[in-house]
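The primary structure of each chain is shown beneath.
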2 protein chains.
Amino acid sequence: MPASYAYLGPEGTFTEVALRTLPEAATRELVPYVSVQSALDAVRVGEAEAAFVPIENSVEGGITTTLDELVAGQPLMIYREVLLSITFALLVRPGTKLSDIKTVTAHPAAQPQVRNWLKANLPDALWESAASNADGARLVQEGRYDAAFAGEFAAARYGLEALETGIHDAENAQTRFVLVGRPARPAAPTGADKTSVVLWQRDDHPGALRDLLGEFATRGINLMLLQSRPTGAGIGNYCFCIDAEGHISDRRVAEALMGLKRICLQVRFLGSYPRADATTADVRPLLPGTSDEEFSSAADWVARCQDGRF
Amino acid sequence: MPASYAYLGPEGTFTEVALRTLPEAATRELVPYVSVQSALDAVRVGEAEAAFVPIENSVEGGITTTLDELVAGQPLMIYREVLLSITFALLVRPGTKLSDIKTVTAHPAAQPQVRNWLKANLPDALWESAASNADGARLVQEGRYDAAFAGEFAAARYGLEALETGIHDAENAQTRFVLVGRPARPAAPTGADKTSVVLWQRDDHPGALRDLLGEFATRGINLMLLQSRPTGAGIGNYCFCIDAEGHISDRRVAEALMGLKRICLQVRFLGSYPRADATTADVRPLLPGTSDEEFSSAADWVARCQDGRF
C-alpha cells in the first residue's frame with residue numbers, strides 16, 4: 001500500500017487543516033489533488049492509500065460532487081470522518097485597509113457563510129469566485145484581488161495578513177470530511193459509530209421511501225443524514241445517501257441492512273466508522289428492544305419455539 | 001400419550017362434525033367435554049393428547065372463551081385448523097308443522113345466523129338459549145321446545161326431522177376450529193401455513209400497535225386475524241391475538257417473531273400449522289424481497305460487507 005493520502009487541494013485549505021487533525025496523517029505523505037474526483041481516482045487506481053475530501057457542510061448540506069463520486073464507479077469505503085468548524089478570515093496584503101477593498105474572492109462554498117458580513121461591511125465590493133480559498137489567497141498575493149476569504153492559517157503561507165477573523169454567518173458552521181479507501185474489513189466498533197449506505201429503490205410505489213426508512217425505524221436506528229441524489233435515469237429517479245447510527249457489526253444495523261438489501265434494487269455499503277461528533281457517552285440511548293443482547297436472546301427464543309421447547 | 005382427542009361437546013354438534021374431517025381423528029378416541037376450558041385442561045393435565053375447539057366464526061369474530069384460554073395458563077400449541085361452513089336446519093319432532101312452532105332454541109352463537117330467517121318465518125316464536133345446539137335438539141326430543149336450530153346431522157341422533165335446511169343469514173358463514181396440544185416441534189411447513197401468536201405491549205405509547213404491526217409489514221407478512229383481548233389489568237389494557245401467513249421456519253416469519261420478542265413485554269407462540277383455507281397455489285405472492293432465498297442472500301451480503309469483501 002502506498003503510504004500517501006490524497007486530499008482535495010491546494011495546500012492551505014480547510015481540507016488540509018482537517019486532515020492534519022487525524023493522528024494517522026502524521027505518518028503519511030499528504031498529496032493535494034485538483035478535484036474530489038481526481039483524489040478518489042488516485043485511491044481507485046492504487047496511487048494513494050486513501051483520499052480525504054469534504055462530504056457535508058452544515059450550511060449547505062451534502063457536497064454533491066463527493067456524494068456522486070461515492071455513489072458511482074468502483075466501490076470505495078469511508079474509514080474516518082472529521083468535523084471542522086469553519087470560520088473565515090479576510091486576508092489582505094499587508095497595509096491594506098478595509099476602505100481600500102474593491103474586489104474580494106473565495107471558493108463559491110464560502111459565499112453563503114460570508115454573505116451577511118459582506119453586506120454589512122463591504123456592500124460595494126465585487127465578488128469573483130476562486131478555485132479554492134487557498135487559490136483566492138494566492139490571487140490576492142499576486143495582486144489580482146484586494147482581499148480573500150480563507151482560513152486564518154492561510155495568511156502566513158501567502159504573505160498576507162488577516163484584517164478580520166471569525167467571520168461566519170451561521171453559528172456553528174461546520175464541514176464534515178471523510179477519509180476514503182478501498183473496501184476492506186471495517187475497524188471494530190468504538191461504541192459511537194455511524195454507517196453510510198446508498199440505496200436505490202426497486203420501484204417508485206407510494207410509500208416506497210417510508211418502507212426504506214421503516215427498515216431503520218423497526219430496529220430503533222436513528223438516521224443522521226438523508227440526501228437524495230438523482231440517479232441519472234430521468235426526472236424523479238433518485239437514490240438515497242444515508243448515514244445511520246451504529247456499526248455494521250451491531251446486530252440491529254446488520255439486520256436493517258439485510259432488510260434494505262432485500263427490498264432495494266441495489267444497496268452500496270459505504271462503511272462503518274467512528275463518529276466525529278460524539279463520544280460513547282453522548283450516544284442517544286437505544287430504543288427498548290434494540291440492543292445487541294435483545295437481538296441475541298430473541299433469536300434464541302425463536303429457535304426454542306421452532307424446536308417446541310417453551 | 002393417551003390416544004384420545006377431547007372436544008367441545010356434546011356429541012352431534014358442529015364441533016364433532018368438524019373434528020371428524022381430520023384424518024387423524026379416525027384413529028383416536030373422541031371424548032366430548034362440557035366446556036372449552038375443560039377440554040383444554042384435559043390436554044394440560046395429560047388426560048387427552050389434544051383438544052378440538054372452535055376459535056373463530058366468520059359472523060361474530062374470535063371466540064373469546066377459546067382465545068382467553070390459549071392466552072393464559074400453561075402454554076398450549078395449535079397443530080391443525082378446520083374450516084366448516086355453518087348452515088342450520090330447523091329440527092322438529094316428526095309431524096310438527098311450521099305453524100305449530102311457538103318456542104325455538106339453540107346455542108346463543110346460532111342466533112345471529114338465524115335471526116333474519118326467524119323474523120321472516122317465525123316472527124312470534126319465543127327464543128330460549130340452550131347449552132349447545134345438540135342440547136337444544138335433545139330438549140326438542142324431550143318436548144321442552146317445539147324446534148331447535150342445529151346441524152342437519154343432529155336430526156337422526158335425536159329422532160327429529162328437518163323442517164327446513166340451509167338456514168344462514170350470512171352467506172359463507174364459517175367457523176374455524178383448532179386442534180390444540182402441548183408444545184412440541186411444529187410440523188414441517190406445507191407451503192400454505194399460518195402462525196399464531198399472542199403479543200403483550202411493553203407500554204402504551206402512541207403508535208405502539210403500529211410498531212407491532214410494522215414487524216410483520218417490514219417482512220412482507222400478511223395478517224389473517226387480529227383480535228384484541230383485555231389483559232385483566234384494567235380498562236385499556238389489551239393483548240393481541242394474531243394469525244400471520246407463513247411458518248415459523250420461514251426466515252421472514254422467524255425474523256418478525258424475533259422483532260416482536262424484542263419490543264414486546266411478552267410474546268406467546270401458539271404454533272405454525274397448515275392453513276385450512278388455501279392450497280399452496282392459492283397463497284398470495286410474497287412481496288418483493290421477502291422470500292427465504294432473499295433473506296438468505298441478504299445475510300450473505302451483509303457478512304461480506306462486515307468482512308470488507310465487496
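By volume, the largest pocket is sized at about 1100 Å³. If you go around the largest pocket, you meet 36 residues; those closest to its centre are Gly214(A), Ala217(A), Thr218(A), Gly214(B) and Thr218(B). Within the residue set of the lining of the largest pocket, elements represented by two or more residues are helix H7 (208–217) of chain A together with helix H7 (208–217) of chain B. Top contributing element to the lining of the largest pocket by residue count: H7(A), with 8 residues. Its residues assigned to classes, the lining of the largest pocket comprises 13 nonpolar, 12 polar and 11 charged.

With an axial shift of 0.1 Å and an RMSD of 0.1 Å, the rotation relating chain B to chain A amounts to 180°. In symmetry terms, the pair is related by a two-fold rotation axis. When you check the interface residues of chain B against chain A, 100% turn up at the interface there too, and the contact is symmetric in its surfaces.

The next thing to look at is the sheet that holds strand S7 (residues 103–106) of chain B. Residues and elements named next belong to chain B. An order of S8-S7-S9-S6-S10 is seen for the 5 strands of this open sheet, with the pairing classed as mixed. The open sheet terminates on both sides in strands that have one partner only, identified here as strand S8 (126–129) and strand S10 (161–167). Across this sheet, the average inter-strand angle for adjacent strands is 25°, counted without regard to direction. Bridging between S7 and strand S9 (residues 147–150) involves 2 bridges; their strand directions are parallel. Counterpart to Thr-105 in the pairing with S9 is Ala-148. Packed onto the sheet, helix H5 (residues 133–141) meets strand S6 (88–92), S7 and S9 and runs at close to 155° relative to S9.

Let's shift gears to empty space enclosed by the protein. All names here are of chain A. In the structure shown here, the tally under the stated rule is 3 cavities of 30 Å³ or more. In this structure, the largest cavity occupies an estimated 60 Å³ of space. Taken together, Ile-55, Leu-67, Ile-78, Arg-176, Ser-196, Val-197, Leu-225, Cys-241, Ile-242, Asp-243, Leu-270 and Tyr-273 make up the full set of residues lining the largest cavity. Of all the secondary-structure elements, those providing two or more residues to the lining of the largest cavity are strand S12 (193–201), strand S14 (238–245) and strand S15 (264–274). Sorting elements by how many residues they give to the lining of the largest cavity places S14 first, with 3 residues. Here the lining of the largest cavity spans two domains, since at least three of its residues come from each of domain 1 (1–86 + 173–184) and domain 3 (186–310).

A few words now on the domain arrangement of chain A. Residue and element names in this part refer to chain A. You can read the domains of chain A as domain 1 (1–86 + 173–184), domain 2 (89–153) and domain 3 (186–310). With 22 residues of domain 1 in contact, the opposing surface of domain 3 contributes 21 residues. Surface buried jointly by domain 1 and domain 3 totals about 1600 Å² across both partners, of which 58% is contributed by carbon and sulfur atoms. Sorting the residues of domain 1 by area buried against domain 3 places Val-71, Ile-78 and Glu-81 first, and these three jointly supply 34% of that buried surface. The tally of links between domain 1 and domain 3 comes to 3 salt bridges. As a salt-bridge pair, Arg-229 and Asp-68 come within 2.7 Å of each other at their nearest N and O atoms. Counting every contact that joins domain 1 to domain 3 gives 9 residue pairs in polar contact (both at pLDDT 80 or more). Elements with a minimum of two residues in the side of domain 1 that touches domain 3: strand S4 (61–62), helix H3 (64–71) and strand S5 (77–85).

Moving on to H3(A). Among all positions in H3(A), only Thr66(A), Leu67(A), Glu69(A), Leu70(A) and Val71(A) are buried. In the segment just after H3(A), Gly73(A) is the residue with positive phi, at about 75°.

This part takes up the packing of aromatic side chains. Evaluated as defined, the whole model comprises 12 aromatic pairs over all chains. Relative to Phe177(A), the ring of Phe52(A) lies with its centre 5.5 Å away and its plane at 10°, an arrangement referred to as stacked. Of this pair, Phe52(A) sits in strand S3 (residues 50–57) while Phe177(A) sits in strand S11 (residues 174–181), placing them 125 residues apart in sequence. Side by side, Phe52(A) and Phe177(A) carry an identical accessibility label, which is buried. A cation over an aromatic ring shows up here: Arg262(B) above the ring of Phe295(A), its NZ or CZ 3.5 Å from the ring centre.

In this section: the pairing of S14(A). Residue and element names in this part refer to chain A. Taking burial as the measure, the 8 residues of S14 include 7 buried ones, the bulk of the element. Sheet analysis places strand S13 (residues 223–230) next to S14, joined by 7 bridges and oriented antiparallel. Bridging across to S14, Leu-226 finds its partner in Ile-242.

Residue and element names in this part refer to chain A. The strand order across the open sheet formed by 5 strands is S8-S7-S9-S6-S10, and the pairing between neighbours is mixed. The outermost strands of the open sheet, each flanked by one partner alone, are strand S8 (126–129) and strand S10 (161–167). On average, each strand axis in the sheet is tilted by 25° relative to the strand beside it, whichever way the strands run. Packed onto the sheet, helix H5 (residues 133–141) meets strand S6 (88–92), strand S7 (103–106) and strand S9 (147–150) and runs at close to 155° relative to S9.

Parameters and conventions
- Residues numbered from 1 in each chain as written.
- Chains lettered and ligands numbered in written order.
- Predicted model: local features only at pLDDT ≥ 70, side-chain atom pairs only at ≥ 80, totals over all residues.
- Heavy atoms only, no water.
- 1 Å grid on protein atoms, 1.4 Å probe; cavity = no way out; pocket = protein on both sides within 12 Å on 5 of 7 lines; lining within 4 Å.
- Points joined across faces, edges and corners; volume = space filled by probe spheres on them.
- Helix = DSSP H or I, 4+ residues; strand = E, 2+ residues; numbered from the N terminus.
- Nonpolar A, V, L, I, M, F, W, Y, C, P; charged D, E, K, R; others polar.
- Least-squares fit on C-alpha atoms with pLDDT ≥ 70 in both.
- Contact = heavy atoms within 4.5 Å.
- Pairing = 2+ DSSP bridges.
- Axes fitted to C-alpha atoms, helices over the stretch in contact; angles between N-to-C directions.
- Domains from an automatic or database assignment.
- Buried area = accessible area lost by both parts, 1.4 Å probe.
- Salt bridge = Lys/Arg side-chain N within 4 Å of Asp/Glu carboxyl O.
- Polar contact = N/O pair within 3.5 Å; in protein donor to acceptor, adjacent residues only side chain to side chain.
- Buried < 20%, exposed > 50% of the residue type's maximum accessible area, 1.4 Å probe, protein only.
- Phe/Tyr/Trp six-rings, centres within 6.5 Å; stacked < 30°, edge-to-face > 60°.
- Lys NZ or Arg CZ within 6 Å of the ring centre and 35° of its normal.

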